[in-house]
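Next come the chains, spelled out residue by residue.
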Amino acid sequence: MLSLLVPAVVMALFGPALAQSRAPEGPRAATAIQVPAYQPPTFQAPVAIDADLTVDGAVTRLTFVVSQPLQPQVRMLEGPDRVVIDLPEVNFQLPAQSGRKGRGLVKSYRSGLVGPGRSRIVIDLAGPALPVRIATEPSRSGAASALVIELKRADREAFAKAAVAELEALPPPPEPPRAPQGDRRPVIVLDPGHGGIDTGAIGVGQVVEKDLVFTFARELKAKLDKAGHYRVVMTRDHDTFVSLSDRVKLAQAQGASLFVSIHADTLVGSANAEVRGLTIYTISDRASDAESARLAEKENMADAVAGLDPNEDPEEIAGILGELTVRETKIYSNLFARTLVGQITAASKLNKNPHRSAGFRVLRAPDVPSVLVELGYLSSKTDVALLTTADWRDRATDAISEAVGRFFAQRLAQQGVALP
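Residues numbered from 1 in each chain as written. Predicted model: local features only at pLDDT ≥ 70, side-chain atom pairs only at ≥ 80, totals over all residues. Heavy atoms only, no water.

Peer 1: How should the sheet that holds strand 4 (residues 82–88) be read in this particular structure?
Peer 2: Strand pairing in a sheet relies on backbone hydrogen bonds. The paired strands run either parallel or antiparallel. Taken in spatial order, the four strands line up as 3-4-7-6 in an open sheet, and their pairing is antiparallel. Whereas interior strands pair on both sides, the edge strands pair on one side only; in this sheet they are strand 3 (73–77) and strand 6 (106–115). For this sheet, the mean inter-axis angle between neighbouring strands, taken without regard to orientation, is 20°. (Pairing = 2+ DSSP bridges. Helix = DSSP H or I, 4+ residues; strand = E, 2+ residues; numbered from the N terminus. Axes fitted to C-alpha atoms, helices over the stretch in contact; angles between N-to-C directions.)

Peer 1: When you look at the pattern of salt bridges in this model, what are you seeing that I'm missing?
Peer 2: Once the charged atoms of two side chains with opposite charge are near each other, the side chains can pair. If you walk through the whole model with that rule in mind, you get 24 salt bridges. With its nearest N and O atoms 2.9 Å apart, the salt bridge here joins R156 to E78. In this pair, R156 is assigned in helix 3 (residues 156–167) and E78 in the loop between strand 3 and strand 4, connecting sequence segments 78 residues apart. Look at E78 and you get partly exposed, because its relative accessible area is 32%. The closest approach of N and O atoms between R185 and D183, which form a salt bridge, is 2.7 Å. (Salt bridge = Lys/Arg side-chain N within 4 Å of Asp/Glu carboxyl O. Buried < 20%, exposed > 50% of the residue type's maximum accessible area, 1.4 Å probe, protein only.)

Peer 1: It is not clear to me how the pairing of strand 13 (residues 278–283) should be interpreted in this structure. Could you clarify?
Peer 2: If a strand is regular, its side chains alternate between the two faces of the sheet. The buried fraction of strand 13 amounts to six of the six residues, a majority that puts the element mostly inside the structure. Relative to strand 14 (residues 350–358), strand 13 runs parallel, the two sharing five bridges. Within strand 14, the residue paired with I283 across the bridge is A358. Where strand 13 meets strand 15 (residues 370–377), three bridges bridge the pair, whose relative direction is antiparallel. Paired with T279 across the bridge in strand 15 is E374.

In structure tokens, the structure reads:
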């Protein structure tokens, strides 16, 4: 049943103090992970503090307790079947594991920020189903509102028809920002994986991947900025979602000389509990091994997780570049991967096969050398104990910074150019 909140508690949560502080909730475990910086909007965004999933006969009902009424926009997507509910910006204060277990027609659900002023609820369906009622009504306590979503089973034809009609109405994505003129330094794009509605992996001690990799990327950026040799750009600067294609397009628009995507995987099953170590991936049409193929398939579903069409944009991959450019990009990607393996060995435990390859969509910019770094496995207690400490992050970011310096020294030396 939906939690019955006493009015005093509700008012404390939704009162003036909350209007002054909208930072995301703190770490989910007693670790050294820092909460990603977030710039609050100029308005008081609604807050969601509870969610409940029930089954009443043929109806599956999902209810969110929110601080004020909302105006949802609903669409359906196939492959996989989902109900996507777009909202104005909402501060979702729900536990990390909220929505991971479903009931009735709902396999799972998730919620979070998907862009400036925009939030989203994505419901994974156990089969074709359509919303029969979506309404904001008073909560049972009377001190807040309830966003109620009721679903009933539908046949495939009806669901497919609704999904096509809604998908055609989607607005085009915004153009990525262009690089400023006059700065001749090499551009490095750091890509903290996941974000916003997409939490990524949740590991031992409830450590959340999107928070951990953001903290790591921010500390790495600070060290690269301090060197002064590079212009460093991050694909996200707070806890929001960025699509895979937008991450790639940002790197291309910025004229990046290196793209580093940062992640932390998790494995299921007791036999994998102590599989650990850092791994570096480069792009390949054919995965180097079954584990790399599994990981690439999982990471390539990030857009679907956030309620987007996961189908690839052919222009994103092919571009208008010649085969020689693509081949050169792959050579430099592998050069940086080898340099990083050699440099980070002293700072971090490496996976038994530390340099692997697979078809990661986020690495497919044909003109930008790109690698994906899996810092470790959040399913390993040993890895989590390291990744959540400031000392390990300091040593690891030092090693990556040194690898970046060596990579550009080699690359620019081949071109007869020195670092500015």
